[in-house]
Amino acid sequence: MEEELPLFYGESGKPVQATLSSLKMLDVGKWPIFSLCSEEELQLIRQACVFGSAGNEVLYTTVNDEIFVLGTNCCGCLGLGDIQSTIEPRRLDSLSGKKIACLSYGSGPHVVLATTEGEVFTWGHNAYSQLGNGTTNHGLVPCHISTNLSNKQVIEVACGSYHSLVLTSDGEVFAWGYNNSGQVGSGSTANQPIPRRVTGCLQSKAVVNIACGQMCSMVVVDTGEVYVWGYNGNGQLGLGSSGNQPTPCRIAALQGIRVQRVACGYAHTLVLTDEGQVYAWGANSFGQLGTGNKSNQSYPTPVVVEKDRIIEIAACHSAHTSAAKTQGGHVYMWGQCRGQSVVLPHLTHFSCTDDVFACFATPPVMWRLLSVEPDDHLTVAESLKREFDNPDTADLTFLVDGKYIYAHKVLLKIRCEHFRSSLEDNEDDIVEMSEFSYPVYRAFLEYLYTDSISLSPEEAVGLLDLATFYRENRLKKLCQQTIKQGICEENAIALLSAAVKYDAQDLEEFCFRFCINHLTVVTQTSGFAEMDHDLLKNFISKASRAGAFKN
């Protein structure tokens, strides 16, 4: 089913919609919080992250690189400078001009964001110094965190419930915040108020991926080894024990296995190997390890999804849900599913792991910043649309009303019977066109490239003439649709006349019915006063038969 497209407005001031294709947009409709946004707002979204203890906060960026937030604003986590909730999107002006590379959030919630320039900003809950600004005051606006990071470019961020982790471009990890279980990796259990590099056995290692559980931290290094620290009461560190770990420790049980990614749930862990295999360990009270039972595991345990390679794993520190995507595009989920326990990987009907968390996780939050990146690969339709009226690639020019329109002979011949014959033996590079106006002819050529039109009802009448002349029946239908949606008392007679002229019977009946239903106003318009005599005669006769003049 095609998505409803935004309306544009014709000269009549009425909204007009005339396209049968869909816009590419970020699909966020499965998250309840987006019910507060209008369709027009949703179609501008290019990045989004739903967070909060009930999935009731969201930050998103638009196609114009503006950042908006809405929701309950607990502890000022929307960054607006206040703690007022909002059901309408408010622009986050303090980050104006910044482009988001990655974002994570805690349970407070607090937010940690890295820009494409590698800067770090934090705001929200700060009772445990998880903002890294040296205080324990909640941050109502984004604060640039530069202590020990001033010469670093941050490329990835991760949050536990109340601690924060960042990864720099040179493979270093910095941590701060709540440290009651050693999750900051400093060797003590004192909270860490500012970013501190995690060293120990990571001192000479290049880290490539980071993740946080509720109160633990995990990293993958470039050799494929996994290092862990923090809370281990459920075996989530994978060390074969349940004792907390205040400094990084390598998971020896993964010896010989090259890990590419790590993902942490509330108290369980998933890793993805270079061979597309998934291992899981930690808490399992909801079946989130996918092992077929609910027994905790303190050692890495293989998860049997299907024979196909796994290319993506997903988990979130606020949920007991796991998800994975195969090379063939199948998406599986296991663990907590709307109050039920799914103990083995279950094949879903989704095409992405993000939808698992929207529909099944409690709360319905995002496990990552969801993005639609500008795609270097264009579909055939997108490529054709881009090339319309492009003088650099065109091999045919139309001269209409003294203006040029650039086109491609082969496409016109493929798309239109008229051009297939008229261009067959035509060697000319420039074709002069006097039968139709520039707006109408340009709209016609653009339709051949895009399958859509964008015209006022009055201009659509001219295009209807052209469509009739060239026997383009689909275009004729689109013109009639545009005219119907743009009809008003002022233009109704003109549109009725056009419908009669171009033998558009369905449109004629529509325009006639409109005139009858608005007869008093229509008969006072200039269009009615200047109506063709024969048309007026027929109109009155038909209106009389329809009972328009009865008391």
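Computed from a predicted model, the values in this text were never measured in an experiment.

Cut-off values and rules
- Sequence positions are assigned chain by chain, starting from 1 and proceeding in written order.
- Selection of residues for local features in this predicted model requires a pLDDT of at least 70, selection of side-chain atom pairs for listing and counting requires 80 or more, and totals for whole chains, interfaces and linings are taken over all residues.
- Values reported for side chains reflect all heavy atoms of the structure, with hydrogen atoms and water molecules removed beforehand.
- Here a strand is any run of E in DSSP of at least two residues, a helix any run of H or I of at least four, and the numbering for each starts at the N terminus.
- Only C-alpha atoms enter the radius of gyration; for comparison, a globular chain is expected to reach 2.2 Å times N to the power 0.38, where N is the number of residues.
- It only takes one pair of heavy atoms within 4.5 Å for two residues to be counted as in contact.
- Each accessible area value is a Shrake-Rupley result obtained with a 1.4 Å probe; residue values ignore everything except the protein chains displayed when judging cover.
- His residues and chain termini do not enter the charge count, which takes Lys and Arg as positive and Asp and Glu as negative.
- Charged groups are reduced to one reference atom each: NZ for lysine, CZ for arginine, CG for aspartic acid, CD for glutamic acid.
- Here the aromatic set is Phe, Tyr and Trp, taking the six-membered ring for Trp, and pairing holds for ring centres within 6.5 Å; pairs whose planes are under 30 degrees apart are stacked, those over 60 apart are edge-to-face, and all others are tilted.
- Burial here depends on accessible area, computed with a 1.4 Å probe over protein chains only, as a share of the maximum for the residue type. Under 20% is buried, over 50% is exposed, and the range in between is partly exposed.
- Strand pairing requires that DSSP identify at least two bridges connecting the strands.
- The axes are straight lines fitted to the C-alpha atoms, using for helices just the contacting stretch, and the angles between their N-to-C directions are given from 0 to 180°.
- The start and end points of each domain follow an automatic or database-based domain assignment.
- UniProt positions are given in the numbering used here, feature names are shortened, and annotations may be inferred rather than shown by experiment.
- Nonpolar cores were defined as sets of buried Ala, Val, Leu, Ile, Met, Phe, Trp, Tyr and Cys residues, with membership established by side-chain atoms within 4.5 Å.
- Note on angle classes: values under 35 degrees are labelled roughly parallel, values over 145 roughly antiparallel, values of 65 to 115 roughly perpendicular, and the remainder oblique.
- Throughout, a crossing is termed right-handed when the near helix is turned clockwise from the far one, and left-handed when it is turned anticlockwise from it by less than a right angle.
- In this classification, the charged set is Asp, Glu, Lys and Arg, the nonpolar set is Ala, Val, Leu, Ile, Met, Phe, Trp, Tyr, Cys and Pro, and all remaining amino acids, among them Gly, are polar.
- A patch is a set of surface residues, each over 30% in relative accessible area and not in a salt bridge, joined within 9 Å for like charges and within 5 Å for the nonpolar side chains Val, Leu, Ile, Met, Phe, Trp and Tyr.
- Every case where a carboxyl oxygen of Asp or Glu lies within 4 Å of a side-chain nitrogen of Lys or Arg is listed as a salt bridge.
- What a helix should span is 1.5 Å times the count of its residues minus one.

Draft legend 1. Spotlight on the overall build of the protein chain. Of regular secondary structure, the protein chain possesses 13 helices and 30 strands. Against the compact-globule benchmark of 24 Å for 551 residues, the protein chain has a radius of gyration of 31 Å, which places it well outside the compact range. Considering only intrachain contacts with a sequence separation of at least 6, the fraction spanning at least 24 residues in the protein chain is 51%. With an accessible surface of roughly 24,800 Å², the protein chain has 48% of that area assigned to carbon and sulfur atoms. In the protein chain, 40 positive and 60 negative side-chain charges are present, and the distance between their average locations comes to 6 Å.

Draft legend 2. A look at the packing of aromatic side chains. Overall, the coordinates contain 21 aromatic pairs when judged by the stated rule. Centroid distance Phe 444 to Tyr 470: 5.2 Å. Interplanar angle 45°. Geometry classified as tilted. Residue Phe 444 is found in helix H6 (residues 438–450), and its partner Tyr 470 is found in the loop between helix H7 (457–469) and helix H8 (473–486); the two are separated by 26 residues along the sequence. Here the two residues Phe 444 and Tyr 470 agree in accessibility, since each one is buried. In this structure an aromatic cluster arises from ring pairing among Phe 398, Phe 419, Phe 436, Tyr 441, Phe 444, Phe 469 and Tyr 470.

Draft legend 3. Representation of the sheet that holds strand E8 (residues 110–115) within the structure. An order of E7-E8-E9-E10 is seen for the four strands of this open sheet, with the pairing classed as antiparallel. Each edge of the sheet is formed by a strand with only one pairing partner; in this case those strands are strand E7 (100–105) and strand E10 (139–144). Each neighbouring strand pair of the sheet contributes to a mean axis angle of 15°, computed without reference to strand direction. Relative to E8, E7 is paired through five bridges, and the arrangement is antiparallel. Residue pairing for E8: Ile 100 is matched across the bridge by Thr 115.

Draft legend 4. Here's a closer look at the domain arrangement of the protein chain. Parsing the protein chain into structural domains produces domain 1 (106–363) and domain 2 (380–546). Using C-alpha coordinates to define each centre, domain 1 is positioned 58 Å away from domain 2.

Draft legend 5. Just the UniProt feature "domain: BTB" (unreviewed entry) in the protein chain, in detail. On the UniProt side, "domain: BTB" (unreviewed entry) is annotated at positions that read residues 394–457 here. Within residues 394–457, the helical portion is 42% and the strand portion 22%, while the C-alpha atoms at the span's ends are 30 Å from each other.

Draft legend 6. Focus on the UniProt feature "repeat: RCC" (unreviewed entry) in the protein chain. When the UniProt feature table is mapped onto this chain, "repeat: RCC" (unreviewed entry) is found at residues 118–170, 171–223, 224–275 and 276–327. Its end C-alpha atoms 12 Å apart, residues 118–170 is made of 0% helix and 43% strand. Segment residues 276–327 splits into 0% helix and 44% strand. End C-alpha atoms: 9 Å apart.

Draft legend 7. Broad picture of the nonpolar core. Residues Val 28, Phe 34, Leu 59 and Met 366 are the most contacted members of the largest nonpolar core, which totals 64 residues. The contacts of Phe 34, once residues within four sequence positions are left out, are Val 28, Leu 42, Ile 45, Ala 48, Val 50, Val 58, Tyr 60 and Met 366. The next biggest cluster of nonpolar side chains, apart from the first, holds 58 residues, and it includes Phe 388, Val 400, Met 433 and Leu 478.

Draft legend 8. Region of the structure containing the packing of helix H9 (residues 492–501) against helix H10 (residues 505–517). Remark: H9 packs on H10, axes separated minimally by 8 Å, with the N-to-C direction vectors making an angle of 155°. In this view, H9 runs roughly antiparallel relative to H10, as classed from their interaxial angle. Here the hand of the crossing between H9 and H10 comes out left-handed. The segment H9 lies against H10, with Ala 492, Ile 493, Leu 495, Leu 496, Ala 499 and Val 500 engaging Leu 507, Glu 508, Cys 511, Phe 512, Phe 514 and Cys 515.

Draft legend 9. Inspection of the pairing of strand E24 (residues 321–326) at higher detail. Of all six residues that make up E24, five are buried, and the element is covered over most of its length. Here strand E23 (residues 310–314) pairs with E24 via four bridges, running antiparallel. When the bridges of E24 are listed, Ala 314 appears paired with Ala 323. Relative to strand E25 (residues 331–337), E24 is paired through five bridges, and the arrangement is antiparallel. Its bridge partner being in E25, Ala 323 is matched across the sheet by Met 333.

Draft legend 10. Structural view of the packing of H10 against helix H13 (residues 533–545). It is the contact of H10 with H13, at a shortest axis distance of 11 Å, that shows an interaxial angle of 70°. Judged by the angle between their axes, H10 and H13 are roughly perpendicular. Residues Glu 508, Glu 509, Phe 512, Cys 515 and Ile 516 of H10 lie in contact with H13, whose contacting residues are Phe 539, Lys 542 and Ala 543. Looking at the contact of H10 with H13 residue by residue, the class counts come to five nonpolar, no polar and three charged.

Draft legend 11. Local environment of a nonpolar patch on the surface. Taken together, Ile 83, Leu 140 and Val 141 make up a surface patch of nonpolar side chains, about 250 Å² in accessible area. Note on placement: Ile 83 falls in the loop between strand E5 (67–71) and strand E6 (86–91).

Draft legend 12. Geometry of a negative patch on the surface. On the surface, Asp 395, Glu 424, Asp 425, Glu 427, Asp 428 and Asp 429 cluster together into a patch of negative charge. Taking the relative accessible area as the measure of exposure, Asp 428 reaches 45% and is therefore partly exposed.

Draft legend 13. Focus on the pattern of salt bridges. All told, the structure shown has 22 salt bridges when counted by the stated rule. The partner of Arg 91 in a salt bridge is Asp 93, with the nearest N and O atoms 2.7 Å apart. Take Arg 91: its relative accessible area is 43%, and that puts it in the partly exposed class. For Glu 509, the salt bridge is made with Arg 513, and the minimal N-O distance between the two is 3.4 Å. Of the two residues, Glu 509 and Arg 513 are both situated in helix H10; the distance of four residues between them amounts to about one turn of the helix. Taking relative accessible area as the criterion, Arg 513 reaches 40% and is therefore assigned partly exposed. Taken together, the shared-partner salt bridges connect Lys 152, Asp 170, Glu 172 and Arg 197 into one network.

Draft legend 14. Structural view of H8. With 14 residues, H8 extends 20 Å from end C-alpha to end C-alpha; this agrees with the ideal 20 Å at 1.5 Å per step. Along H8, the residues that are buried comprise Leu 475, Lys 476, Leu 478, Cys 479, Gln 480, Thr 482, Ile 483 and Gly 486.

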